[in-house]
Amino acid sequence: MEKILIWAVIGLLFFISGSKCEMFNLTEKNFDTEVSKMNTKWFVVFYVDTCNYCKQTLKTITNDVLPDYEDSKVYKFGKVDCNKEVWLALRFNITQIPYIVLIEDGKMFEFKEFATKEAVETFIEEEKTIEDIIPMPKPMGFMVIMMKMLTESYYLMKETIQKFLDSKGINIKINDY
C-alpha cells in the first residue's frame, strides 16, 4: 500500500510540475552568436506583448510544438520582443507582428500561415527551395551603430534632465517631439 501511495505522489508531482518547455529569448547581444551556430535551425518569432495574436502564437508554439522538439539538437526555438529589441526589429525590417522565420545555415525562410501545430511542424520539416529564401539582414554597420549610440545618449540625457527638474519641484515634462 505504501509503495502505491509513493508512486501516486510521484506521479502527481510529475503531472503538476510537467516539463515546461520555453522559447529562448533572443536579444541584440546574443542573436548573431546563437543563430549562426552550425547545424542548427532556428524558428524565430518576432512579437510584442500587447498583441493578442502574438500571445496565441507563442502559446501554441510553446505548448504544442516545442515538446515534440525538446530533445532536438538541430531545432531551436527563439523569440524576439520587438518592444525591448528595437534595433533588432529595425534590422529585420519588422512591419507586421508576429513575424516568423526559420533561419538555417545563413538562409532565412518566412512562415506565412496561421500558427497551428500542424502548420508549424510542416513548415519546419519540409524541404525548402532556392525560391523560398529571403535575404538575411546583416549585423548593423558603423552608421547604424553611431545612430543607436546617439539615440541612447539622447534618452539618457532626457531622463537625467527630467529627474533633475522633478527633484527641484519644477513641473515641466520633456516630450520626445
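Please refer to the structure placed before this passage.
The rules behind each value
Residues numbered from 1 in each chain as written. Predicted model: local features only at pLDDT ≥ 70, side-chain atom pairs only at ≥ 80, totals over all residues. Heavy atoms only, no water. Helix = DSSP H or I, 4+ residues; strand = E, 2+ residues; numbered from the N terminus. Buried < 20%, exposed > 50% of the residue type's maximum accessible area, 1.4 Å probe, protein only. Contact = heavy atoms within 4.5 Å. Areas by Shrake-Rupley, 256 points an atom, 1.4 Å probe, with all protein chains shown as cover. Phe/Tyr/Trp six-rings, centres within 6.5 Å; stacked < 30°, edge-to-face > 60°. Pairing = 2+ DSSP bridges. Salt bridge = Lys/Arg side-chain N within 4 Å of Asp/Glu carboxyl O. Polar contact = N/O pair within 3.5 Å; in protein donor to acceptor, adjacent residues only side chain to side chain. Axes fitted to C-alpha atoms, helices over the stretch in contact; angles between N-to-C directions. Parallel < 35°, antiparallel > 145°, perpendicular 65-115°, else oblique. Left-handed = near helix turned anticlockwise from the far one by under 90°.

S.K.: What's the story with the overall build of the protein in this structure? I'm lost.
M.R.: The helix and strand inventory of the protein stands at six helices and six strands. When its helices and strands are written in sequence order, the protein yields α-β-α-β-α-β-α-β-β-α-β-α. Here the protein, with 177 residues, has 34% of them falling under the buried criterion. When contacts within the protein are restricted to residue pairs at least 6 apart in sequence, long-range pairs at least 24 apart make up 70% of them. Of the accessible surface of the protein, which amounts to about 12400 Å², a share of 61% is contributed by carbon and sulfur atoms.

S.K.: Which parts of the structure should I look at to understand the packing of aromatic side chains?
M.R.: Here the distance between the centres and the angle between the planes together describe a pair of aromatic rings. According to the stated counting rule, one finds 12 aromatic pairs in the structure shown. On the numbers, 5.1 Å between centres and 45° between planes, the contact of Phe46 with Phe92 is tilted. Here Phe46, found in strand β2 (residues 41-47), pairs with Phe92, found in the loop between α4 (86-91) and β4 (99-104); they are 46 residues apart in sequence, far enough to count as distant. Just as Phe46 is buried, Phe92 falls in that class too. With a centroid separation of 5.6 Å and an interplanar angle of 55°, the aromatic rings of Tyr69 and Phe77 are classed as tilted. The burial state of Tyr69 is the same as that of Phe77; both residues are buried.

S.K.: What should I look at first to understand the pairing of β2 in this one?
M.R.: Two faces, one strand: in a regular strand the side chains alternate between the faces of the sheet. Across the seven residues of β2, six count as buried, placing the element largely inside the fold. Relative to β4, β2 runs antiparallel, the two sharing six bridges. Paired with Val44 across the two strands is Val101, which belongs to β4.

S.K.: Sorry if this is basic, but what is going on with the pattern of salt bridges here?
M.R.: Where side chains of opposite charge bring their charged atoms close, a pairing between them can arise. Per the stated rule, a full pass over the model turns up six salt bridges. Salt-bridge contacts for Glu159 lead to Lys163; the nearest nitrogen and oxygen are separated by 3.3 Å. Remark: Lys163 and Glu159 occur in helix α6 (residues 142-167); sequence separation between them is four residues, near one turn of the helix.

S.K.: What's the story with the environment of Tyr69 in this structure? I'm lost.
M.R.: Residue position: Tyr69 is located in helix α3 (residues 52-69). Measuring from C-alpha to C-alpha, the distance between Tyr69 and Glu121 comes to 9.8 Å, with 52 residues separating the pair along the chain. Other than its neighbours up to four places away in sequence, Tyr69 contacts Tyr75, Phe77, Glu121, Ile124 and Glu125. A distance of 2.7 Å separates a polar atom in the side chain of Tyr69 from a polar atom in the side chain of Glu125.

S.K.: Sorry if this is basic, but what is going on with the packing of α3 against helix α5 (residues 117-125) here?
M.R.: Helix-helix packing is characterised by the crossing angle of the two axes and by the distance between the axes. Interhelical geometry of α3 versus α5 gives an angle of 45° and a closest axis separation of 10 Å. Relative to α5, the element α3 is oriented oblique. Handedness of the crossing formed by α3 with α5: right-handed. When α3 is examined against α5, the residues Thr60, Asp64, Val65, Asp68 and Tyr69 are found in contact with a partner set consisting of Lys117, Val120, Glu121, Ile124 and Glu125.

S.K.: Explain the environment of Gln96 here, please?
M.R.: With respect to the element layout, Gln96 can be found in the loop between α4 and β4. Taking the C-alpha atoms as reference points, Gln96 and Tyr47, 49 residues apart in sequence, are found 8.9 Å from one another.

Just geometry here; none of it tells us what the structure is for.
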